[in-house]
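Spelled out from the first residue to the last, the chains are:
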Amino acid sequence: MCFPALSFASPVKEEKPVDEFQVKFLKRQVDQNMSIGRAIRSIASHYPQDVVSIVDIALDTYPDKYREIIFAAISAQPASTEDIVRMAIEKDVSSCPNIVQLAIQAEPSYVDFVVQAAALATPDELDEIVRIAVQTEPDSADRIVQTLSREHPNKVIEILTTALDTVPYVGEYVVDALLAVFPAQSDEVITTALKETSSEKEQAMRILETAQSYGVTDDKLEQYGTSAGLTKAQIAQVIDN
């Protein structure tokens, strides 16, 4: 059987007629592979260009197996992560945060595409997307914040606040990521970051060091440090370095 002849159509928002032949083909693969996840991986490995269409049919045919379907598809073809996440959200197979978490766990290196697709599909859930993304993949918090802030430049501070409220120890990296893209908002970014990490003095000092690397003056560093509750000695340590 030549699989491309099945002509999987690209997913669209409007309803389309169900191709029973396509459904039967997928079910046969499931029977042969013993699970939907193995079937998805098997088909995707042979026909990577059709993975999004495969997921489209699979989510309609086995909606209760959405976790296995999404995880298998993204693991097999991470380049299609953004399309798969968007489709899963549009089909409402689960909540947006759950889909984001699942997709990141399947392929952490594509976290940028996951949060971008999720935020575009459900902008009202931006705060929760930030929270679950940095919680699931804290090592990529700087990329997550930078990506979402570029897409929603009017919500930079809200994104920063949520990220640091969730994982405060990534403050210096998140500040670095934002100052690189939004230098005009440096004062607000630094002030907010210090406020959110006020109980962690070493973190506050590292944030000041990051600010210093972006050309913030010594007088301004002293002002920031004092507002964050740092001692004169701690502030001097940052400035002298």
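That block above? That's the structure.
Quick look at the structure, then.

Rules of the game
Residues numbered from 1 in each chain as written. Predicted model: local features only at pLDDT ≥ 70, side-chain atom pairs only at ≥ 80, totals over all residues. Heavy atoms only, no water. Helix = DSSP H or I, 4+ residues; strand = E, 2+ residues; numbered from the N terminus. Rg over C-alpha atoms; globule rule 2.2 N^0.38 Å. Buried < 20%, exposed > 50% of the residue type's maximum accessible area, 1.4 Å probe, protein only. Contact = heavy atoms within 4.5 Å. Phe/Tyr/Trp six-rings, centres within 6.5 Å; stacked < 30°, edge-to-face > 60°. Patch = residues over 30% accessible without salt bridge, like charges linked within 9 Å, V, L, I, M, F, W, Y side chains within 5 Å. Areas by Shrake-Rupley, 256 points an atom, 1.4 Å probe, with all protein chains shown as cover. Salt bridge = Lys/Arg side-chain N within 4 Å of Asp/Glu carboxyl O. Lys, Arg positive; Asp, Glu negative; His and termini not counted. Charge placed at Lys NZ, Arg CZ, Asp CG, Glu CD. Axes fitted to C-alpha atoms, helices over the stretch in contact; angles between N-to-C directions. Parallel < 35°, antiparallel > 145°, perpendicular 65-115°, else oblique. Left-handed = near helix turned anticlockwise from the far one by under 90°.

**Regarding the overall build of the protein**
For step 1, the next point in the chain: Along the backbone of the protein there are 15 helices and zero strands.
For step 2, the next point in the chain: By the compact-globule yardstick of 18 Å for 241 residues, the protein is too spread out, its C-alpha radius of gyration being 23 Å.
For step 3, the next point in the chain: Considering only C-alpha atoms, the protein reaches an extent of 75 × 30 × 25 Å along its principal axes.
For step 4, the next point in the chain: A total of 241 residues make up the protein; the buried ones form 50% of that total.
For step 5, the next point in the chain: The long-range share in the protein, meaning contacts at least 24 apart out of those at least 6 apart in sequence, stands at 67%.

**Observations concerning the packing of aromatic side chains**
For step 1, the next point in the chain: Summed over all chains, the structure comprises one aromatic pair.
For step 2, the next point in the chain: Each ring, one from Tyr110 and one from Phe113, has its centre 5.2 Å from the other, and the planes form 35 degrees; the classification is tilted.
For step 3, the next point in the chain: Assessed through its relative accessible area of 36%, Phe113 is described here as partly exposed.

**Examining a negative patch on the surface**
For step 1, the next point in the chain: Taken together, the side chains of Asp127, Glu158, Asp165 and Glu188 define an acidic patch exposed on the protein surface.
For step 2, the next point in the chain: Look at Glu188 and you get partly exposed, because its relative accessible area is 41%.

**Side note on unusual backbone geometry**
For step 1, the next point in the chain: Positive phi values are uncommon outside glycine, yet Asp92 reaches one of about 60 degrees.
For step 2, the next point in the chain: With respect to the helices and strands, Asp92 occurs in the loop between α5 (81-90) and α6 (96-106).
For step 3, the next point in the chain: By relative accessible area, Asp92 is classed as exposed at 61%.

**A closer look at the packing of α5 against α6**
For step 1, the next point in the chain: Two elements in contact, α5 and α6, have axes whose closest approach is 10 Å; the angle formed by their N-to-C orientations is 155 degrees. Classified by the angle between their axes, α5 and α6 sit roughly antiparallel to one another. Between α5 and α6 the crossing geometry is right-handed. Mapping the contact onto sequence places Val85, Ala88 and Ile89 in α5 and Cys96, Ile99 and Ala103 in α6.

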